[in-house]
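Residue-level structure breakdown
Now for the letters of each chain:
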Amino acid sequence: MSARTELAGVARQDVAAAPADGSSSFRRAAVLILFGVLDRVPSTSTARDAAVSRDLDVLLLARATTLRAHPGQVAFPGGRVDPGDRDAVAAALREAQEETGLDPSGVEVLGTLAAQPLDFSRHLVTPVIGWWRDPSPVRVVDVAESAAVFRVPVADLLDPAHRGVTVIRRDGREWRGPAFSVDTDSGTHVVWGFTAMLLDALFDRLGWTEPWDGQRVVALPPT
């Protein structure tokens, strides 16, 4: 089975469905999780799952370090659903075009994942799963918003050598979450927080996850 087929199998088609988790007071937002065929050098890693070819990739960006919210963090393209957006899908595509310069007409929307509430920011985020039917060039469109835009081989993300956890200790409490390290033309980036949790859960659901060391701590980048 191909990666596109497996991704379509986990994506929902009820993109306009209202949340049923009591999060109706949250501000709606959406992110685009866009997979496709890598436009440059494929991964040197071979994934265990046959659906993950060496040239399968996903689109990510690094937020500008000058931003007030989540400076420097790696994220999916996305943002708030504006009044003029038809739904979460439209918002995700619009934001992706504004942030990376991609052509939305080349993106096949496979569906969405369940909306995820972010209590600290009061956002309800709908992950939109896309397939790059006709890839277009991507770049940093606004340096005030993004520091880098890059396509990462999925096999690299699945490689146990690139996986670990981040640890945040504050006020006597500890939070641990999944993390991925990726090497790009702009340097090595750590994917953590909400983006890493989405990737981790999606890979688990697809059955693509490979055994990795859950005790390996990945240092958070300085902010």
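Structural data are supplied above this passage.
Residues numbered from 1 in each chain as written. Predicted model: local features only at pLDDT ≥ 70, side-chain atom pairs only at ≥ 80, totals over all residues. Heavy atoms only, no water.

All right, on to the overall build of the chain then. Scanning the chain from N- to C-terminus turns up four helices and eleven strands. For the chain, whose C-alpha radius of gyration is 17 Å, the value lies close to the compact-globule estimate of 17 Å for 223 residues. Each principal axis of the C-alpha distribution contributes one length, and for the chain these read about 45 × 45 × 35 Å. In the chain, once contacts between residues fewer than 6 apart in sequence are set aside, the share between residues at least 24 apart is 66%. Of the side chains in the chain, 23 bear a positive and 29 a negative charge, and the two mean positions are spaced by 5 Å. (Helix = DSSP H or I, 4+ residues; strand = E, 2+ residues; numbered from the N terminus. Rg over C-alpha atoms; globule rule 2.2 N^0.38 Å. Contact = heavy atoms within 4.5 Å. Lys, Arg positive; Asp, Glu negative; His and termini not counted. Charge placed at Lys NZ, Arg CZ, Asp CG, Glu CD.)

Before going further, it helps to examine the pairing of strand E7 (residues 123–132). With ten of ten residues buried, E7 is to be regarded as a mostly interior element. The two faces of E7 match: His123, Val125, Pro127, Ile129 and Trp131 on one face and Leu124, Thr126, Val128, Gly130 and Trp132 on the other face are all buried. With nine bridges connecting them, strand E1 (residues 27–37) and E7 associate as parallel partners. Paired with Phe35 across the bridge in E7 is Trp131. Looking at chain direction, strand E6 (residues 116–118) and E7 are connected through three bridges and run antiparallel. Bridge pairing links Pro117 to Leu124 in E7. If you look at the hairpin formed by E6 and E7, you'll find four residues sitting between the two strands, and Arg122 has a positive phi there, around 60°. (Buried < 20%, exposed > 50% of the residue type's maximum accessible area, 1.4 Å probe, protein only. Pairing = 2+ DSSP bridges.)

Moving on to the side chain of Thr184. Its place among the elements puts Thr184 in strand E10 (residues 173–184). Within polar-contact distance, the side chain of Thr184 engages the side chain of His189 at 3.5 Å. The residues touching Thr184, leaving out its near neighbours within four places in the chain, are Phe150 and His189. (Polar contact = N/O pair within 3.5 Å; in protein donor to acceptor, adjacent residues only side chain to side chain.)

With respect to the helices and strands, the residue Leu220 is situated in the segment after helix H4 (193–206). Take Leu220: its relative accessible area is 32%, and that puts it in the partly exposed class. Each C-alpha atom of the pair Leu220 and Val37 lies 29 Å from the other, and the pair is 183 residues apart in sequence. Excluding anything up to four places from it in sequence, Leu220 contacts Thr166, Val167, Ile168 and Trp192.

Time to look at helix H2 (residues 88–100). Its 13 residues give H2 an end-to-end C-alpha distance of 18 Å, which sits within 8% of 18 Å, the value for a rise of 1.5 Å per residue. When you tally the buried positions in H2, you get eleven out of 13 residues, the bulk of the element. When we look at burial in H2, the residues that qualify are Ala88, Val89, Ala90, Ala91, Ala92, Leu93, Arg94, Glu95, Ala96, Glu99 and Thr100. The secondary structure elements touched by the buried residues of H2 are E1, strand E2 (56–63), strand E4 (78–80), strand E5 (107–112), E7 and strand E8 (146–153). Within two residues after H2, Gly101 carries a phi angle of roughly 80°, on the positive side. (Expected span 1.5 Å × (residues − 1).)

Let us look at the sheet that holds strand E11 (residues 187–191). In space, the three strands of this open sheet follow the order E9-E10-E11, with antiparallel pairing throughout. Two strands lie at the open edges of the sheet, namely strand E9 (163–170) and E11, each paired on one side alone. The mean inter-strand angle of the sheet, taken between neighbouring strand axes irrespective of direction, is 35°. With five bridges connecting them, E10 and E11 associate as antiparallel partners. (Axes fitted to C-alpha atoms, helices over the stretch in contact; angles between N-to-C directions.)

Among the nonpolar cores identified, the biggest contains 41 residues, and Leu7, Phe35, Val154, Leu202 and Trp208 are the most heavily contacted of them. Breaking this core down by element, the ones donating at least two residues are helix H1 (3–10), E1, E2, E7, E8, helix H3 (154–158), E10 and H4. Here this core gets seven residues from one element, more than from any other, and that element is H4. (Core = buried A, V, L, I, M, F, W, Y, C linked by side-chain atoms within 4.5 Å.)

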